[in-house]
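Coordinate inspection notes
Chain by chain, the residues:
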Amino acid sequence: MATLALNPQLVEQLPATAQHHAPADFVHMDDAAIMLELRSGNMAGFDYLIQKYRKPIIHFMYRMVHNQAVAEELAQEVFLRVYRSRETYRAEARFSTWLYRIATNLAVNHARDTKQERSASTIHLDEVDPETGTTPDVADSAIGAESEMLRRERLNAIRQHVLALPERQRMAVLMHKYEGLDYKQIGDVLKLSESATKSLLFRAYQTLREKLKTFV
Amino acid sequence: MICRDSKSALPDLLLDPTAPTNSAVRAHVDSCAECRRELATLEATFALLDEWKAPEPSPYFDQKLAVRLREEQANAPAGWLERMRARLLFNTGRQFRPAFAAALAVALLVGGGTIANLSQHPAHRETSATITDLQVFDKNDQALQTMDQLLQDESPSDDNAAQPTT
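Only a predicted model underlies this, so the values are computations on that prediction, with no experimental measurement involved.

What follows covers the pattern of salt bridges. Residue and element names in this part refer to chain A. Using the criterion set out here, one finds 17 salt bridges over all chains in the structure. Of the charged contacts in the structure, one is a salt bridge between Arg81 and Glu77, with a shortest N-O distance of 3.2 Å. Of the two residues, Arg81 and Glu77 both sit in helix H4 (residues 68-84), four residues apart, roughly one turn of that helix. A relative accessible area of 22% places Arg81 in the partly exposed class. Across the salt bridge formed by Glu148 and Arg151, the nearest N and O atoms sit 3.3 Å from each other. On the criterion of helical spacing, the pair formed by Glu148 and Arg151 is a turn pair, its members being three residues apart in helix H6 (residues 145-163).

Let's shift gears to the nonpolar core. All names here are of chain A. Core analysis: the largest hydrophobic core is formed by 78 residues, its most contacted members being Phe46, Ile57, Met61, Phe79, Phe95 and Met175. At 14 residues, helix H3 (residues 43-65) tops the list of elements feeding residues into this core. Look past the residues within four positions of Phe95 in its chain and what remains in contact with it is Asp31, Ala32, Met35, Leu49, Tyr53, Val82 and Tyr89.

Residues and elements named next belong to chain A. Among the secondary structure elements, Asp31 is positioned in helix H2 (residues 31-39). Side-chain polar atoms of Asp31 contact the side chain of Lys52, separated by 3.0 Å. Polar contacts involving the side chain of Asp31 include one to the side chain of Tyr53, which spans 2.3 Å. Sequence-distant contacts of Asp31, that is, excluding residues within four places in its chain, are made with Leu49, Lys52, Tyr53 and Phe95.

This paragraph deals with the confidence of the model for chain A. All names here are of chain A. Across chain A, pLDDT averages 81, with 76% of residues at or above 70. Every residue in residues 1-6 is under pLDDT 50, and counting partners more than four places away or in other chains gives 17 contacts. Note that pLDDT drops below 50 for residues 10-18; the model gives that stretch six contacts with residues more than four away or on any other chain.

Residue-level contacts link 43 residues of chain B with 59 residues of chain A. Taken over both partners, the interface formed by chain B and chain A buries close to 5,200 Å², and the fraction arising from carbon and sulfur atoms is 61%. Seen at the junction of chain B and chain A, the total is seven salt bridges. In this structure, Lys55 of chain A engages Glu56 of chain B in a salt bridge whose closest nitrogen and oxygen atoms are separated by 3.1 Å. In this assembly, chain B and chain A are joined by 17 residue pairs in polar contact (both at pLDDT 80 or more). Per-element accounting of the side of chain B that touches chain A gives the leading share, 10 residues, to helix H4 (residues 61-74) of chain B. Split into classes, the residues belonging to the side of chain B that touches chain A amount to 19 nonpolar, nine polar and 15 charged.

On the surface, a cluster of nonpolar side chains totalling about 310 Å² of accessible area is made up of Val106, Leu109 and Val110 of chain B. Relative to the assigned elements, Leu109 of chain B resides in helix H6 (residues 97-119).

Moving on to the packing of aromatic side chains. Two aromatic rings are characterised by how far apart their centres lie and by the angle between their planes. Residues and elements named next belong to chain A. This structure, assessed with the given rule, holds eight aromatic pairs over all chains. Relative to Tyr83, the ring of Phe46 lies with its centre 5.8 Å away and its plane at 40 degrees, an arrangement referred to as tilted. Pair noted here: Phe46 is in helix H3 and Tyr83 is in helix H4, with a separation of 37 residues, a long-range link. We classify Phe46 as buried; its relative accessible area is 0%. You can call Tyr83 buried: its relative accessible area is 6%.

Definitions and cut-offs
Residues numbered from 1 in each chain as written. Chains lettered and ligands numbered in written order. Predicted model: local features only at pLDDT ≥ 70, side-chain atom pairs only at ≥ 80, totals over all residues. Heavy atoms only, no water. Salt bridge = Lys/Arg side-chain N within 4 Å of Asp/Glu carboxyl O. Helix = DSSP H or I, 4+ residues; strand = E, 2+ residues; numbered from the N terminus. Buried < 20%, exposed > 50% of the residue type's maximum accessible area, 1.4 Å probe, protein only. Core = buried A, V, L, I, M, F, W, Y, C linked by side-chain atoms within 4.5 Å. Contact = heavy atoms within 4.5 Å. Polar contact = N/O pair within 3.5 Å; in protein donor to acceptor, adjacent residues only side chain to side chain. pLDDT = per-residue confidence, 0-100. Buried area = accessible area lost by both parts, 1.4 Å probe. Nonpolar A, V, L, I, M, F, W, Y, C, P; charged D, E, K, R; others polar. Patch = residues over 30% accessible without salt bridge, like charges linked within 9 Å, V, L, I, M, F, W, Y side chains within 5 Å. Areas by Shrake-Rupley, 256 points an atom, 1.4 Å probe, with all protein chains shown as cover. Phe/Tyr/Trp six-rings, centres within 6.5 Å; stacked < 30°, edge-to-face > 60°.

Here it is in structure tokens:
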């Protein structure tokens, strides 16, 4: 596991600071408590949080912006915001909820900033699909080519219809379906009540079922 | 349970089929073919959504983040304005609740006081202690005068008795 404890002075100071925990201790610690350690200068705790949440946040961002490079850049920005906010962080909500709120804000801002640049999804025959690692083959006599085409079409439809959902529904589905957040956490991120979150998700899933019924 | 209620609870049932809170929906679904079909299509849609996989983070993610963090550490700490902005954007807003409660209490006190003052009628105004004292003195004075008069009424016989006979 790569370490991100960047400031050697901070590392040197670790043994002198009684309340600082060793990296192995973080597994048993609450994320909020680790954030409080970061406030007091323990970068090892921050490394642990990055390793724990980088994949879900990158995946969340990827599904929001549908571009891996942009998703990773935005995910880095999320962790930088966390680092910058270490002084003002308050353990009012779960750390993951706070993290997803930052991610959601950044993703929405990015989507708004690049609204003009984005156009209807186009399939380039000479470009490798980042998800499948293959180039589109429209005519192939190999066995399974047809099923592969169908699979790709299905995947494209899923992507398109999830991305076409209204902003809040889309974010709720991504957090619920793909990140495994519960209603309360999603409600905290989107500043909605639990019942409103439930109803938002229900509408989103109903829409998706209608739109994707040809593939079911 | 009716079908409409059951349909709104289907996503719950789908995600947590064994939860005790979903037992009523489960019972309804078991007995209703329409709702069973509805659940089946939802299950199929959920399964379909699973096909959308996100790629693994690139091997350079950690390095790039390390560089950006190093730059961040070299930078001056964020100013008060930037910290406030971050707090407003990303927190739950719970820390503002005491301030809101205090503002509401002040508003109620000021508003309530104004209304109480406006609704006060002059006829109901309470008399001050000085006026009450003066009223008491006045009453005492009247009582003394009455007593004097009564004494005067009794005195003529005495006066007559006192008059020297000629």
